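Structural overview
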There are 2 protein chains.
Amino acid sequence: MAEEQGIHNKELAKVPEPTLRRLPWYLSNVKLLKQRGERYVSSTQISKGTNIDASQIAKDLSYVNISGRTRVGYEIDALIEVLESFLGFTDIHKAFLFGVGSLGGALLQDSGLKHFGLEIVAAFDINPNLIGTKLNDIPIYHSDTFLEKMKEYNVQIGVLTVPIEIAQPISDKMIEGGIKAIWNFTPFRIRVPENIVVQNTSLYAHLAVMFNRLNFNEEK
Amino acid sequence: MAEEQGIHNKELAKVPEPTLRRLPWYLSNVKLLKQRGERYVSSTQISKGTNIDASQIAKDLSYVNISGRTRVGYEIDALIEVLESFLGFTDIHKAFLFGVGSLGGALLQDSGLKHFGLEIVAAFDINPNLIGTKLNDIPIYHSDTFLEKMKEYNVQIGVLTVPIEIAQPISDKMIEGGIKAIWNFTPFRIRVPENIVVQNTSLYAHLAVMFNRLNFNEEK
């Protein structure tokens, strides 16, 4: 399970990953109810909006520091605030991005990440046409200046969008330089020391699953 | 498990989702070995590169129509070809994108998706500044013209990158119009009929998991 979802250090984790993955669903559902004018929300209501058992929701929310009131449920503003903070969306986590190719460039353009706590402060590449330029106001530096820039910026997260053949060596370099968590968008399975967090987000693996299910439905 | 990974229709699926998610790892690893001049590859070699048990790899590859030879393993070119085709990366699947905001716009720029079999042929939005323009050569139409465009293009997949408050109504509209699979990038849990494929890819949920693990490692 931990392997499937790309998280190492399974044994260290307090909050189960499935819970962490469901909480953003509750958050978006609760935000929607707030927009509709609700002031309180119960796990039964969240259950209707998300198709998840109310008992599971109550269990998941027990990890978060909030308590509902009998009959009325959770105060909606407090729940949103507590969830956003618990999920880390209210703090800004600075990150470097490695590899300004098609996907890397696309991620630099996605200002939405900042609203969820991730700010890409600089990017690295070796393409001379990119070095010295900015994308969405984010400077692109030569990869060789990474260690120097680590001293300048306070960064713990590296976003990995390089070609697969350099995914491992670039990860090793990132870790040597002090990066503590790697958001790996490559379809390559990188190996890291135990104390380093890896989050795999392979859009291509998700595509493969979707295509397979689509074909299967067609052939029925 | 199926719920966590955002796939409905669990009972219909022949190939287990964990297998489908590991196959792209093998593919990228095998491509790398080919670049290094290898002509044959064994599951033991793939195991070294991916940290997955060789027996698991052999089991996963048994779903794919290829057989290895004792001592030498799999012929590398054949394995790449068979894997790419099995994963659906060699066919072009046309898609519409709904919601040209920050993330939607970023995905339109990611030409890499095309190399993995997904071609976004048109996008929809209601922003008058976007309608009639192109992004990365992809035309942006008014959402109202969706049904009309469904007749024009041969599309089965919809990429959902709208604000959460319209994620459900837009999904309903997509399905009414004939969309068979939704790639949901919103943090909202959409509900769909049984025969519709949903692939959830919430970057924000992945961020939440990464932030939590990072904090946990810091507090150790």
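What you are looking at is a predicted structure, and each value in this text was computed from that prediction instead of being measured.

**Regarding the pairing of strand β8 (residues 181-184) of chain A**
Residues and elements named next belong to chain A. Side chains of β8 alternate between two faces, with Ala181 and Trp183 and Ile182 and Asn184 buried alike. One ladder, built from four bridges, connects strand β7 (residues 157-160) with β8; its direction is parallel. Of the residues in β8, the one forming a bridge with Gly158 is Ile182. Crossover handedness for the path β7 to helix α8 (residues 167-176) to β8: right-handed.

**As for the sheet that holds strand β4 (residues 118-125) of chain A**
Residue and element names in this part refer to chain A. Read across the sheet, seven strands follow the order β5-β6-β4-β3-β7-β8-β9 without closing on themselves; strand pairing throughout is mixed. Bordering the open sheet on either side are β5 (134-135) and β9 (197-200), each of which pairs with just one other strand. Those strands touched by α8 are β3 (93-98), β7 and β8, and its axis lies near 170 degrees from that of β7.

**Here's the deal with the interface of chain B and chain A**
Counting from both sides, the interface comprises 79 residues of chain B and, opposite them, 78 residues of chain A. Here chain B and chain A share an interface that buries about 7,700 Å² over both sides, 65% of which is from carbon and sulfur atoms. Inspection of the region where chain B meets chain A yields zero salt bridges. Counting across the interface, chain B meets chain A through 24 residue pairs in polar contact (both at pLDDT 80 or more). Secondary structure elements with two or more residues in the side of chain B that touches chain A: α1 (17-35), α2 (43-50), α5 (102-109), α6 (112-115), β8 (181-184), β9 (197-200) and α9 (203-219) of chain B. The element contributing the most residues to the side of chain B that touches chain A is α9(B), with 15 residues. By residue class, the composition of the side of chain B that touches chain A is 40 nonpolar, 23 polar and 16 charged.

**Overview of the packing of aromatic side chains**
For the structure on display, the rule yields 22 aromatic pairs over all chains. Summarising the aromatic geometry, the rings of Phe96(A) and Tyr153(A) are spaced 5.4 Å apart at their centres and angled 80 degrees between planes, so their arrangement reads as edge-to-face. One end of the pair, Phe96(A), is in strand β3; the other, Tyr153(A), is in the loop between α7 (146-152) and β7, with 57 residues separating them in the sequence. Take Phe96(A): its relative accessible area is 0%, and that puts it in the buried class. Among the aromatic side chains, those forming a connected cluster through ring pairs are Phe96(A), Phe98(A), Phe124(A), Tyr141(A), Phe146(A) and Tyr153(A). For the cation-ring pair, Arg189(B) lies above Trp25(A), with the distance from its terminal atom to the ring centre recorded as 4.5 Å.

**Quick word on the nonpolar core**
Counting residues in hydrophobic clusters, the biggest one holds 102 residues, and the most contacted among them are Leu118(A), Leu207(A), Leu118(B) and Leu207(B). With near-sequence residues (within four places) excluded, Leu118(A) lies in contact with His93(A), Ala95(A), Leu113(A), Ile157(A), Val159(A), Trp183(A), Leu207(B) and Phe211(B).

**So, the relation of the copies chain B and chain A**
Superposing chain B onto chain A requires a rotation of 180 degrees together with a translation of 0.0 Å along the rotation axis, leaving an RMSD of 0.0 Å. Put plainly, the chains are arranged around a two-fold axis. Taking C-alpha positions as reference, the residue of chain B nearest the rotation axis is Ala106(B), located at 2.2 Å. Looking at chain B, 99% of its interface residues are interface residues in chain A too, so the copies touch through the same face.

**Considerations on the sheet that holds strand β4 (residues 118-125) of chain B**
Residue and element names in this part refer to chain B. Taken together, the seven strands give an open sheet; going across it, the order is β5-β6-β4-β3-β7-β8-β9, and neighbouring strands pair in mixed fashion. Looking at the sheet topology across the chains shown, the edges are occupied by β5 (134-135) and β9. One ladder, built from four bridges, connects strand β3 (residues 93-98) with strand β7 (residues 157-160); its direction is parallel. The residue bridging Leu97 from the neighbouring strand is Val159, located in β7.

Rules used throughout
- Residues numbered from 1 in each chain as written.
- Chains lettered and ligands numbered in written order.
- Predicted model: local features only at pLDDT ≥ 70, side-chain atom pairs only at ≥ 80, totals over all residues.
- Heavy atoms only, no water.
- Buried < 20%, exposed > 50% of the residue type's maximum accessible area, 1.4 Å probe, protein only.
- Helix = DSSP H or I, 4+ residues; strand = E, 2+ residues; numbered from the N terminus.
- Pairing = 2+ DSSP bridges.
- Right-handed = clockwise from strand over helix to strand, strands pointing away.
- Contact = heavy atoms within 4.5 Å.
- Axes fitted to C-alpha atoms, helices over the stretch in contact; angles between N-to-C directions.
- Buried area = accessible area lost by both parts, 1.4 Å probe.
- Salt bridge = Lys/Arg side-chain N within 4 Å of Asp/Glu carboxyl O.
- Polar contact = N/O pair within 3.5 Å; in protein donor to acceptor, adjacent residues only side chain to side chain.
- Nonpolar A, V, L, I, M, F, W, Y, C, P; charged D, E, K, R; others polar.
- Phe/Tyr/Trp six-rings, centres within 6.5 Å; stacked < 30°, edge-to-face > 60°.
- Lys NZ or Arg CZ within 6 Å of the ring centre and 35° of its normal.
- Core = buried A, V, L, I, M, F, W, Y, C linked by side-chain atoms within 4.5 Å.
- Least-squares fit on C-alpha atoms with pLDDT ≥ 70 in both.

So far we have only geometry, and geometry alone does not tell us how the molecule works.
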